[in-house]
Structures are given as structure tokens and as C-alpha cells.
Amino acid sequence: MKGAQVLGMVWYRSGWHSPKKLEGCARRSLVIPNASVLDRVLKAYPIQTFLSPAIQFTRTARWKTPPALSKIQAKSLHKAPGKHPEAAEINPIESVRTKRFHASQPINQSAPAPRTVPLSHLKDNFLHGTNSNFLEELQRMWEQNPSSVDETWQIFFQNFTGLSHASLKPNYVQPTIVGNQTVQENMRVLLLIRAYQVNGHMKAQLDPLGLDQRAVPQELDPAYYNFTEKDMDREFSLGVSLGGVLSENSPPSTLRSIIQRLEKAYCGTIGYEYMHIPDREKCNWLREKIESHGQRKYSSEAKAEILDRLMWSTNFENFLAQKWTAAKRFGLEGCETLIPGMKELIDKAADLGVESVVIGMPHRGRLNVLGNVVRKPLRQIFNEFSGGIKPAEVEAGGYTGSGDVKYHLGTSYDRPTRSGKHIHLSLVANPSHLEAVAPVVIGKTRAKQFYAQDTKRLKHMAVLLHGDGSFSGQGVVYETLHLSDLVNYSTGGTVHIVVNNQVAFTTDPKSSRSSPYCTDVAKALCAPIFHANGDDVEAVVQACELAAEWRCQFHSDVVVDIVCYRRFGHNEIDEPNFTQPKMYQVIKSHKPSLDIYIEKLTTAREIGPDKIKSMQERVMSMLNDEFNHSKDYVPKKRDWLAAFWAGFKGPEQLSRVRNTGVEPEILKQVGKKITQLPASFTPHRAIKRIYEQRAQMIETEQGIDWATAEALAFGTLVLEGNHIRLSGQDVERGTFSHRHAVLHDQKTGETFCPLHHVVENQAQEMFTVSNSSLSEFGVLGFELGYSMENPNSLVLWEGQFGDFANGAQVIFDQFLSSGEAKWLRQTGLTVLLPHGYDGQGPEHSSARLERFLQMSDDDPYVIPEMDPSLRKQIQEVNWQVVNVTTPANYFHVLRRQIHRDFRKPLVVMSPKNLLRHQSCKSNLSEFDNLEGHPGFDKQGTRFKRLIKDSNNHTDNEPGVRRLVFCSGKVYYELDEERQRLGSLDVAICRIEQLCPFPYDLVQRELKRYPSKFVFHYPSSIHQMQRLSGAKKNL
Ligand SMILES: Cc1ncc(C[n+]2csc(CCOP(=O)(O)OP(=O)(O)O)c2C)c(N)n1
Ligand SMILES: [Mg+2]
């Protein structure tokens, strides 16, 4: 027995077994020798089965029924019927489904002849007893007569089985005495402990204003388990290894001390939600931290540091309020503890190996975070706040964009950490649209990890700040959370901090969400959530420290919810009493967290008043100093163009237009690589044929189709050392089954991606093609963030159908079309939007080309300088919109994204029926760079903004009666009709680039066919305006 205990074996039938081996056997007849073994057994069996009452009564409806067994458990149970006859007879999956502990029979059939131990004969306690027999016996008794079992078990069985006994009446049954404890008492103490772990947060002191009217759950009340004051000083020997204070080595404790410890751990100023995490290792890790460490003890030095940081945070806000009384700054007052919390998070993360943090946050407290966390020079913040002197290049008329309000701007700095390391912090610029920046931050972080080869995701970390209203209200939060564990989108865990001031503008939580907490959405992702009282700076610091530890330990998301208040209105000039009079009566006389902390430290004689005074004076004098220096502060260029990539050109600097044709041998070489499959690979028959056809195209240099042209563009760019990332729904195969970038072996299911093998020993991620989650907003935002990190990458997002881009409209409007003008940040993000009426329904067929054109910022009434050597039109416009009609032109427009000295977003109206259209083919010669080849013109081989009539009439063609300008796939329909009618007097000219409009080329065509009837098909206001402008200015 002793040996068995050491080994952690479990007695089953006639022998000792490891709990692992017993995963397949029935629960009956298990003898569990000690606490750590119980823990392992609980792992093998769904813990909810044993201890679910606590879970049953949580406020979260999701947990009302115990979840089914895990797949592994289910599999092992099914696997071993021969070995364990009882396992065959008792199918635990069925058992859970029918909700019976001894569900060898369906619920309505008569129970098998009982092989039970009568309750009165039970001589073993919970830890040394036949637990399953006990539970089965209890259930059987309850079924016969509900009031024959304890009230808690009545409720438990009622919930567990779903059976209702109308006659149930609370009727306490005198339990069996075993020593001075009973089996039931032990069980009830365990249930009480479990209840604290699951629901202790409901009793935690979280609301600084004390307005929180939450009912304390019944199951936290000892009386609920029939414990009275008389039981409080009785000792219980728990010995159950659930980690933390309740670990098996803990000596017998009185019920009173057990409850006190639980109260301290779970009901202080931090409320922990973690019992929804299914992974027991993670749960135990947290439980250990929470129960063993309790409220962390900080040394005097640590407290002085926390105090200093809180002083900076508080005085910064006060200082701004004093100097700019009427300015909107969305101050942090009421949540000043955020700053010490964030600083601790960053210091801790740096100690654990993080080298850079990408931060995304909304308006609230942004200036404070910029100044005190990111360490943007205060003099600069003050200077900008005063609308101070512009940088030298502004004075000289240089490009500065439109600018943005001060609480939207981003920046990045290196800052030293407490332990003397350096950490790079970047705050991403964001628009007003709350939460839209969340996926952008994650994408940027992922790109940083790629470029730093941080494959373990330990060095680069994302931190997202949220408001309570927006975290629960904005769908993109959920879309972003859902990227967190996807192999091509994960960043190894984001730390989320919610500034939960319990109001959103003027709206109370009861009107803004249906969940108890604003953070409940994160439970769907099994993230732990730490709610901290925002008035208790040490609690906030502790929660942030634990969040950093969690992220670095488990590489997954974690949430810190700082429950605080908003001292003023939504902004400083708003009147909050209009809508929250009662709350603001309380706030009016509520002390700032700094005062509370000073009082606490001085009362405990931790820091004397003199020291506090000198600390305050130091902070104030530095603020004043910075303010004085801000008056003559002249921003340097770096401040304005901080993230400009070295050598890349702004719109005011002329950039050379480069050719994008590729050496024919290289084309052939890449063509081979992208069409070769390993000999051992068994592709699907149809795909094998497609790949053979592609190889044939390369071989014959003719009939290159859309997908092959795209693969050639990707392959040649990879060969040149660029990183390619294509993401979106079903992009690996392609929605229209044309791409087949990833092939699936029909025998083994293994995958093969030819574009991973363009160069010898190519790093797989160099070419990434990835199916995404079914999200447009989240994924497009992610790719945008990714594209902004490094210009030497072609990042593409493909919409499933163009119209689905609607779901990501905020990213188009607030970032892609306007980001460069607002924040001087470039991106070459390429968006592929299938477009065209091909029998797929009227609105589903449109990628809303007109919206993208409407959002382009070129002036329709001014024809820009179009001289080839001075052509800055494309550098000055906000984005490019193309509707290309040939595979070769698609190849060139993709390569052009990289082969230029600036980056500009590209929106491609991509085709559906042209993917396989017989006439939509190009010869390989149109891809190469050889003089004299088709495609090569005066300048070389490059993207054609306009494709001349295919009849290639000579200058001033006399026989042409009508000139038609068109764009997109309609060209093929018009041309077919022209051929059918034999109308050689019609010239059809394709405008491939709609924005910026190719005035020069359109004018050239207009000159070739003077005084001909001209029209554009299909017409749109955008093209018509520009066409008539071009005509007028001929
Ligand atoms: C998508 C979006 N909808 C509406 C708004 C307007 N708005 C600005 S702040 C705000 C309240 C946000 O509340 P919360 O998230 O709790 O942050 P708080 O201001 O309280 O810090 C609203 C509705 C917005 N900026 N973005
Ligand atoms: Mg709020």
C-alpha cells in the first residue's frame, strides 16, 4: 500500500494500476490512496462529474451542464472494452449524456441489480473509499426518495440528470460518521473550496465606488453546505492535492481558517476567473499562484517604486488639466493605476525575455501612456498639445499629410526597464473607431516575430488596451481573439488590459452588454481574467505582473480588467451628471488612488511624509521643466516620419518607375519549381492534370493562365528575397478552385506547397499562403498591420467574394485609404476582390468598385503632371485601384508593388470567369524583359495601365468609327461581339488602372482616333469625370 502510494497507483478490481491506465475503466471500484492520486484520477475523469455543483450554479449559463468527455478520454474508453468488461458495459459518454453516474441502463429502464455498498456500511472516507460507489449509491437513493439525501446532493442530481422531482424537499439526512468527519462533510468542504475557486470573484471587492450590487453566490456561504458556527473550529484534513493552500502537505485546518484563506485569495481586491480553462496544468499553475502567494507582499523599495509611478501618472493628468483647462484629452483620472500596472507588465515581460512590445489603445489615457510608459519626451507632448512649432520641413513646404488629432498618433521608443534591460515600445496609430486597431497590432507583432525569427514568440509581444464598452460591444474584439491560436496568425499571446470605468460615453453597462462582466468574451478563448480594483494600485500591479508571467509561461491571451471609474465626463468638457448623477455624487467625494495609497503607506509607516513630499516635488519640478522646454521645442524630422523605412520615398520625393519583367531563364527556372511535385506525392487526379497543364504552359511558353501568372509573380519575388504572405478565406485552394497553392496527398493527407521550394532550403514562412478564420475585419486588419512592418514583403488579403469586403469597411476607410495622409505610414498591402457578374446574384457579384474609386483622393478636375520623368501622380494618390484583364498584367502589377521606392495600397478587382477563360491567356514573352518581345515597349516590360486596342491600329487609324474605353472582363465580351459582327471599325481600349487615372495614355488614344464617338463601358462617374477632363485638356 505504501509503495503504491509513492507510485501514485490506484486500486482497481484486484490490483494496483496507474491512473493513466485506468482512463478506460469504469469509475466504480476505484480506491484512491492519496490526494495526489486523486488529482490524477480527476484528470482522467471529467472533474465536473465529481464536483460539478459549484459549477452548476455559476452565473454563466454555459456551465449549467457538465461538458462531455474529452476526445482522448472517449477514445480510450472505447478502445479497451475487452480489457475492462465494465468499460464496455458502462459507456461514460452515454453516462454523461443520460446524466447518470451508473448509467449502464438508459434512464427509463430499470436499474441493474445493485452491487452496492449501503451508505450506512461505508467505513472509508472520501480519500480512501470507493468514491464512485458512494456517488452511485447516493444517486440511487435520491432516485428512490429525493429527500433521503442531503439537500446539496438533491440539487446536484436534479441539475445533473435534468430530472425534476416535484416532491423534492430539503431534508437533511444525518450523515454517516467516520472518525470526527463524515464522507459528506469532506465532500462539502471540497465543494466549498471549489466554489471559491470558481465563483470567489463574485464576492471580491472590485468596485472602487462601492456601487456594485452583485449578489454573493449562495455556494460561497458555509450554511449552504449545512455548516454552522459550531463547525467553524473543527479541523478538516483535506489532503487533496488541488494545488495552492489546499495542497496535500497542508496540515489539518479548521474550517474557519480554510475559509479565511479562501477569502483572502479569492475575495480581496483581485477577482480571478480561471476555472473555465480546460487545461488542468494551466489551472493548477494559476491556482498555485493565487492560493499560495495570496496578496503579494511588496518590499519597501517596490512600494516606493509603485508610489513613484502612480505619482507620475496622477500628476501628469493634473498638470495637463491645469495648463490646458479647456482641452479635450480623454484623461485617465479614475484609472491612474493603469500606468504603474503597465510599467510592471513591461518590466516583468522584459525580465522574462520580451524585447519589444507593440501596443494598441483607444483614446482614454493615451497621452499618459505615451509620456509615462512609452516615454515619448514630455516636452514634445506638451509642444504638440499647444499646437506648437511645426518641424522644419513643414515650414519648407514638405509633405506632412493631413495630420490627425493628438490622441490618435503613434510612436515608438526604446526605454530602459527596471532591471537595466532595454525594451522597444511602439504605440500603433489608430482611428476613432474603437477596437479597429486590435487586429492591426497583432499583425504587426506577428511580422516583427517573422523578421526577428522569433519562432517561439517570446521576444515580441502585443499589449492591447480596451474600454469596457468597446471590449464587450465591438465584434472585432472577438475576431481578433480568434486569431490568437491559429498557426499562421498567433503571436504567442496578447495581454489585454481593460480600463473598465463602468460607463461608455453616457451608457451604463446594463444597457451596453448582456454578460455579467465586460470581459466575458475572452472566456470563449479560455483566457484567464483578472479583475482588479482600480483603487488598489498594488492589486493592479499584481494582476499585471501575473498576466506577464502567464503570457510568457503559456503563450496565450490573458485579460486584466481594471475596475475603476471616470472622474470627469467622457471628455473633460462633458457634463456627466446629465446621465450618471448618482455615480457622480459618489465620484465627487471619492479620493484619488494616489491619496489612498499614500494614506495606506503612511498609516503602515512604510514611507514617511517627508519622503512623500520630496517625491512629489521631484515629479512636479520635472513636469514644469519639460513644460518650459516645450515652448521652443522644434520637432525633428524623425518625429514626423518615425516609421518611414530607410531609403523609402515620401510623396514629395520622386521615385523612378521600374520595369518588372524577368529574365526568361529565371522565368523558366521558377516555372519548373512551381509546377513540380515530389515523386512520392499522390495528388488528386484533377489537380495532377492542372499541374501538368501548368508545366506545359511554361514549357511551350504559351497560354499562361491567371493562376500560373500569379504563382510566377510570387515565385520570382521569393527568388529575389522578398517575403510573400497571402491570407484570406480558403485562399490555399482558391475560392474558385483555381489556385491550388497547397496540394493534399490523396493517400496520406499530407500537404505540399510548390512555392515553398523555389530556392534551395527555403524557409517555409518566406512564402506563406494561409486559409484564415471566417473574418474579414479581423483578418484584413491583421494583414494590414503585418504589411506595415517591413516594405520587403508582398502581403495580400483575398476576399472570398468582393462584396464581403463590406465586413472590413473600417479597415478600408480608416486605415488603408487614409492612413498615409493621417500618420505618414505607408503600406503596400494588396487586396484581391473577386468582382464580376458571373451568374452569382446581382449584389454578391460586385466588389463595389465605385466605393474604392469614390474613396480615392485624386482631384477629378485637375490633371496632374504626367510627364514620364516627373510623374508623381501615383505617389501622391492614396491608393491604386486596378481591374486587370490579362495574366501578364496581373503578374506585373503584383511585382510592381515591390519594385518601387515607395509603398501604396493596391486594390485588385480580380476576376472569376477570366480564371479559366480561353482568351484570357498570356505568352511567357509578356513576362520577360527581352527587347522586342510582345509586352516590351519603349520603356521595357512593366504593368500596362492601359491596353491599346488589340487590332493595334496604327496612329490616326482612318477606318475607326467608334472608340470604346472599358475595364475588366467585359472587354472579352465586347471583343467577341465585335468579332461576331466583324466590326473592325470599333476600337476597344482597356483601362487597367482606374486609380490613379492614366490621363496620359487615355489622351494618347484620344489623339489616335480624333473626333470619333467615344464612350466608356461600364460607365461610372469616376471614369466619366476623368475622361471628359482628359478630352478637354487635349
Ligand atoms: C466604433 C465606434 N463607435 C462609437 C464610437 C464613439 N465613442 C467614442 S468613445 C465611446 C465610449 C467608449 O466607451 P468605453 O469603451 O467604455 O471607453 P471609455 O471612453 O469609457 O474609456 C464611444 C461610444 C467610436 N469612437 N467608435
Ligand atoms: Mg468605459
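In this text the structure is predicted, and so the values were computed from the model without any measurement.

Q: Mind laying out the overall build of the chain, listing which residues take part and the relevant values?
A: A count of helices and strands for the chain gives 37 helices and 28 strands. Taken across its 1034 residues, the chain has 60% of its residues classed as buried. For the chain, the share of sequence-separated contacts (at least 6 apart) that also reach a separation of at least 24 residues comes to 77%. Element-wise, carbon and sulfur atoms account for 52% of the exposed surface of the chain, whose accessible area totals about 42200 Å².

Q: Go over the environment of Val881, please, and point to the residues and values.
A: Among the structural elements, Val881 can be located in strand β20 (residues 880-882). Overall, Val881 belongs to the buried group, its relative accessible area being 0%. Residues Val881 and Pro905, spaced 24 residues apart in sequence, show a C-alpha to C-alpha distance of 8.6 Å. Excluding anything up to four places from it in sequence, Val881 contacts Leu849, Phe852, Leu853, Val907, Glu992, Gln993, Leu994 and Cys995.

Q: If you had to explain the site of ligand 1 to someone new, which residues and values would you point to?
A: Taken together, 15 residues lie around ligand 1, and Arg364, Ser432, Asp468, Gly469 and Ser470 are the ones closest in. Note that a nitrogen atom of ligand 1 is positioned 2.9 Å from one of the backbone N or O atoms of Ser432. Between Leu434 and ligand 1, the recorded distance is 3.1 Å, taken from a backbone N or O atom to a nitrogen atom. Against a free-state accessible area of 570 Å², the protein chains account for coverage of 75% of ligand 1. A breakdown of the residues in the shell around ligand 1 according to their chemical character gives four nonpolar, nine polar and two charged.

Q: Residues and numbers for empty space enclosed by the protein, please.
A: If you walk through the whole model with that rule in mind, you get 18 cavities of 30 Å³ or more. Counted as a void, the largest cavity has a volume near 100 Å³. Every residue lining the largest cavity is counted, 13 residues in all, and those nearest its centre are Arg694, Ala711, Arg739, Ala741 and Leu755. Contributions of two or more residues to the lining of the largest cavity are made by α27 (685-700) and α28 (706-719). Broken down by element, the residue count for the lining of the largest cavity peaks at four residues, all from α28.

Q: Which residues make up helix α36 (residues 999-1008), and what are the values?
A: Across the 10 residues of α36, eight count as buried, placing the element largely inside the fold. Those residues of α36 not exposed but buried are Tyr999, Asp1000, Leu1001, Val1002, Gln1003, Glu1005, Leu1006 and Arg1008. Contact partners of the buried residues in α36: α33 (873-876), β24 (946-947), β25 (962-966), β26 (986-991), β28 (1013-1017) and α37 (1021-1032).

Q: Pulling in residues and values, what's your account of the packing of aromatic side chains?
A: Under the definition given, this model contains 30 aromatic pairs. For the pair Phe681 and Phe752, a centre-to-centre distance of 5.9 Å together with 50° between the ring planes defines the contact as tilted. With Phe681 in the loop between α26 (664-673) and α27 and Phe752 in strand β16 (residues 751-752), the pair connects residues that are 71 residues apart, well separated along the chain. An identical accessibility class is assigned to Phe681 and Phe752; each is buried. For the ring pair Phe852 and Trp879, a centre distance of 5.6 Å and an interplane angle of 45° mean the geometry is tilted. In this pair, Phe852 sits in helix α32 (residues 849-854) while Trp879 sits in the loop between α33 and β20, placing the two residues 27 residues apart along the sequence. Here the two residues Phe852 and Trp879 agree in accessibility, since each one is buried. Cluster of aromatic residues (ring-pair linked, three or more members): Phe316, Phe319, Trp324, Phe382, Phe385 and Phe627. One cation-aromatic arrangement involves Arg725 over Tyr489; the distance from NZ or CZ to the ring centre is 4.9 Å. Geometry around Tyr972 places Arg990 over its ring, the cationic atom sitting 5.9 Å from the centre.

Q: Requested: an account of the nonpolar core, with residues and values cited.
A: Leu307, Leu338, Val463, Ile497 and Phe530 are the most contacted members of the largest nonpolar core, which totals 101 residues. With 12 residues, the single largest contributor to this core is helix α21 (residues 537-554).

Q: A description of the pairing of β26 should follow, citing residues and the corresponding values.
A: With six of six residues buried, β26 is to be regarded as a mostly interior element. Judged by which residues are buried, β26 turns out to be covered on both faces: Val986, Ile988 and Arg990 on one side and Ala987, Cys989 and Ile991 on the other are all buried. Bridge analysis of β24 against β26 gives two bridges, and the strand direction is antiparallel. Residue Leu946 lies in a different strand from β26, and its bridge partner there is Ile991. The sheet contact formed by β25 and β26 spans five bridges and is parallel. Bridged to Arg962 within β26 is Val986.

Q: Before we move on, can you summarise the side chain of Arg364 with the specific residues and values?
A: On the secondary structure map, Arg364 appears in the loop between β7 (356-360) and α14 (366-373). Beyond its immediate sequence surroundings of up to four residues, Arg364 is in contact with Phe330, Gly331, Leu332, Val499, Asn501, Arg566 and His570.

Q: I'd like to hear about the coordination of the magnesium ion (ligand 2), residue by residue, with values.
A: Ligation of the magnesium ion (ligand 2) by protein atoms is provided by Asp468 (OD), Asn501 (OD1) and Val503 (O), these donors lying 2.0 to 2.1 Å from the ion. Mapping the donors of the magnesium ion (ligand 2) onto the primary sequence yields the spacing D-x32-N-x1-V. Neither residue differs from the other here; Asn501 and Val503 are each classed as buried.

Q: I'd like to hear about the pattern of salt bridges, residue by residue, with values.
A: Think of it this way: side chains of opposite charge can pair up when their charged atoms draw near. Within the structure shown, the criterion is met by 51 salt bridges. Between Asp233 and Arg256 there is a salt bridge; the shortest N-O distance is 3.1 Å. On the criterion of sequence distance, the pair formed by Asp233 in the loop between α9 (183-199) and β4 (235-236) and Arg256 in helix α10 (residues 255-266) is long-range, its members being 23 residues apart. Between Asp347 and Arg415 there is a salt bridge whose closest N-O contact spans 3.7 Å. Of this pair, Asp347 sits in helix α13 (residues 338-351) while Arg415 sits in strand β8 (residues 411-416), and the two are 68 residues apart along the sequence. Taking relative accessible area as the criterion, Asp347 reaches 0% and is therefore assigned buried. Using a relative accessible area of 1% as the deciding quantity, one classes Arg415 as buried. Each of Glu305, Arg309, Glu344, Asp347, Arg415 and Arg418 takes part in a single network of salt bridges with overlapping partners.

Criteria and thresholds
Residues numbered from 1 in each chain as written. Chains lettered and ligands numbered in written order. Predicted model: local features only at pLDDT ≥ 70, side-chain atom pairs only at ≥ 80, totals over all residues. Heavy atoms only, no water. Helix = DSSP H or I, 4+ residues; strand = E, 2+ residues; numbered from the N terminus. Buried < 20%, exposed > 50% of the residue type's maximum accessible area, 1.4 Å probe, protein only. Contact = heavy atoms within 4.5 Å. Areas by Shrake-Rupley, 256 points an atom, 1.4 Å probe, with all protein chains shown as cover. Near = heavy atom within 4 Å. Polar contact = N/O pair within 3.5 Å; in protein donor to acceptor, adjacent residues only side chain to side chain. Nonpolar A, V, L, I, M, F, W, Y, C, P; charged D, E, K, R; others polar. 1 Å grid on protein atoms, 1.4 Å probe; cavity = no way out; pocket = protein on both sides within 12 Å on 5 of 7 lines; lining within 4 Å. Points joined across faces, edges and corners; volume = space filled by probe spheres on them. Phe/Tyr/Trp six-rings, centres within 6.5 Å; stacked < 30°, edge-to-face > 60°. Lys NZ or Arg CZ within 6 Å of the ring centre and 35° of its normal. Core = buried A, V, L, I, M, F, W, Y, C linked by side-chain atoms within 4.5 Å. Pairing = 2+ DSSP bridges. Donors = N, O, S within 2.8 Å, 3.2 Å for Na, K, Ca; no water. Salt bridge = Lys/Arg side-chain N within 4 Å of Asp/Glu carboxyl O.

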